[in-house]
Amino acid sequence: TQQIGMPTLNAWMAVAYTAGQRLVTKRNPYYWKVDTKGQQLPYVDGIETTLATSDSFKQAVLLNSVAGKLDFQARDFSLGDVSRLLQNQDKGGHKVKMWQRGDYAWPWIILMYDFKDQGIVDLFYKQEFRTALSFAMDRNKYNQIGAYGLAKPRQFALSPESPEFQSPEGQAFYKKWSTSYIEHDPEQAKKLLDAIGVVDKNGDGFRERPDGSKLQMIIDMPTDDPETTAIMDLMKEDWDAIGLETILNPIAYSELTLRAQGKEMMIRSWPSAAGWGLLSAATVWAPVEGVEWCVGGINLGHDYHTGGKEGTAPRPGSMLEKLQKAYSNAIVTVDPAARDKALLAAYQIHLDEGPVSLGTIGEHPSPVVVSNKLHNVQDTGLLGGWDLGYPGTADPEQFYFSA
């Protein structure tokens, strides 16, 4: 975060900041870019941003956009907001551009291998169990109901725009990975569960663990994301239908973090997941950082970055341990061609021993609201790739206002 008064190479510099409320910036007179006529950039003299931290901030964003109170808004809309935004273009004095989000999943279903109940973790480490969960999911239904048919059914895999996939070999690998285990095949899911002893032993209609004890799939999820809510309701129906009793647990973001840290979280549903690749968003694809978006659980990442002094180690020989080793290899590989091969080798683990986490649908379009007075805003962009810095990489220093 840029400090007030600190020199910067950015187009704008912070001049006022109130945590959780407001950020004001003004143009940097020493910014290093000029336009084709030699004029100093940026064109816009300053930006005032209202910061919202409550669970209702998305509703506030929508209402302010409709009322014409925002000049530019590129995040925090749902697909369900598009029709209202379009209907109010004249009233709000804005236009709506549809950019891509770059999501690999919305939502992303993170299985927590650091969960306190080792009986559940035993099941998570079984590939048959994970593939059964995936085969039970009707992603075409999720797409039609949750995303109006505008997304793509897909597995937990990188975005097709990722640089590792731009070669013919990479494109072929991406297609294979992103479509792995996404067929809706509940009968195959049942057979896989039967084969590992996850069967209905007491005749109540739901399956028990191999030892006969109660089995429930408990999924923590945010309270304020309509896409996630719609799809999780459908996914619960699918998992219930193969005999896995599923419980959805909507909870505030602050509590989600605490539960993850305390090993209280079995499964997490993460909205709009769009980390780019193993080098730029490493812990999404290998458990190497102690953060809440760590694949497999925050405590696995904590184990890696403390050298085993803290956290929870992945089980020896498991796909999660292999992913940690693959990451360690990739980050010390200097030659670009060799590094791409090292990255594909890491992703091959996801394909051969996955799904490690579960994808649902992704590659959504997303509305961007632009005031009619604001010009030079690109018609295309990629909103969801957090590590790409959109909309900052959409050249906002070239945006300008008309009178």
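The following refers to the structure shown. Keep in mind that what you see is a predicted model, and the values were worked out from it rather than measured. (Residues numbered from 1 in each chain as written. Predicted model: local features only at pLDDT ≥ 70, side-chain atom pairs only at ≥ 80, totals over all residues. Heavy atoms only, no water.)

Before going further, it helps to examine the nonpolar core. W108, W239 and L244 are the most contacted members of the largest nonpolar core, which has 82 residues in total. In terms of residue count, the dominant contributor to this core is helix 14 (residues 336-353) (seven residues). Those residues in contact with W108, other than ones at most four positions away along the chain, are F156, R268, S269, W270, A273, V284, W293, V295, S357 and L358. Listed in part, the 14 residues of the second largest apolar core include A74, W99, V368 and V370. (Core = buried A, V, L, I, M, F, W, Y, C linked by side-chain atoms within 4.5 Å. Buried < 20%, exposed > 50% of the residue type's maximum accessible area, 1.4 Å probe, protein only. Helix = DSSP H or I, 4+ residues; strand = E, 2+ residues; numbered from the N terminus. Contact = heavy atoms within 4.5 Å.)

Residues three or four positions apart in an α-helix share a direction because the helix packs 3.6 residues into each turn. When we look at burial in helix 1 (residues 57-66), the residues that qualify are F57, V61, L62, S65 and V66. Tucked into the core, helix 1 has its buried residues touching strand 4 (72-73), helix 2 (82-87), helix 3 (89-92), strand 5 (94-100) and strand 12 (365-371). Looking one or two places after helix 1, you find G68, whose phi comes out positive at around 80°.

This part takes up the sheet that holds strand 4. Spatial strand order, 4-12-5: three strands in an open sheet with antiparallel pairing. In the strand order of this sheet, the two ends are held by strand 4 and strand 5, each with one partner. For strand 4 and strand 12, the ladder comprises two bridges, and the chain directions are antiparallel. Looking across to strand 12, one finds that Q73 is bridged to V369. (Pairing = 2+ DSSP bridges.)

A few words now on the packing of aromatic side chains. Scanning the entire structure with this criterion turns up 22 aromatic pairs. Summarising the aromatic geometry, the rings of Y43 and Y400 are spaced 6.4 Å apart at their centres and angled 90° between planes, so their arrangement reads as edge-to-face. In this pair, Y43 sits in the loop between strand 2 (22-27) and strand 3 (46-50) while Y400 sits in strand 14 (residues 400-401), placing the two residues 357 residues apart along the sequence. The class of Y400 is partly exposed, set by a relative accessible area of 36%. Judged by centre distance (5.3 Å) and plane angle (25°), the ring pair of W177 and Y347 falls under stacked. You can see W177 sitting in helix 7 (residues 168-178) and its partner Y347 sitting in helix 14, a full 170 residues away along the chain. Relative accessible area serves as the criterion here: at 1%, W177 is assigned to the buried category. Using a relative accessible area of 1% as the deciding quantity, one classes Y347 as buried. (Phe/Tyr/Trp six-rings, centres within 6.5 Å; stacked < 30°, edge-to-face > 60°.)

Okay, the packing of helix 6 (residues 139-146) against helix 9 (residues 226-241) next. At a minimum axis separation of 10 Å, helix 6 and helix 9 run at an interaxial angle of 145°. Between helix 6 and helix 9 the crossing geometry is right-handed. Only E227, A230, I231, L234, M235, E237 and D238 of helix 9 make contact with helix 6, whose side of the interface consists of K141, Y142, I145 and G146. In terms of residue class, the contact of helix 6 with helix 9 is built from six nonpolar, one polar and four charged. (Axes fitted to C-alpha atoms, helices over the stretch in contact; angles between N-to-C directions. Left-handed = near helix turned anticlockwise from the far one by under 90°. Nonpolar A, V, L, I, M, F, W, Y, C, P; charged D, E, K, R; others polar.)

Turning to the packing of helix 5 (residues 127-135) against helix 8 (residues 186-195), a few remarks are in order. Relative orientation of the contacting elements helix 5 and helix 8 amounts to 160°, with a least axis distance of 8 Å. Here helix 5 lies roughly antiparallel to helix 8, going by the angle between them. The hand of the helix 5/helix 8 crossing is left-handed. Residue-level inspection shows E128, F129, T131, A132 and F135 of helix 5 in contact with helix 8, the latter providing P186, Q188, A189, L192 and L193. Of the residues belonging to the contact of helix 5 with helix 8, the class tally is seven nonpolar, two polar and one charged. (Parallel < 35°, antiparallel > 145°, perpendicular 65-115°, else oblique.)

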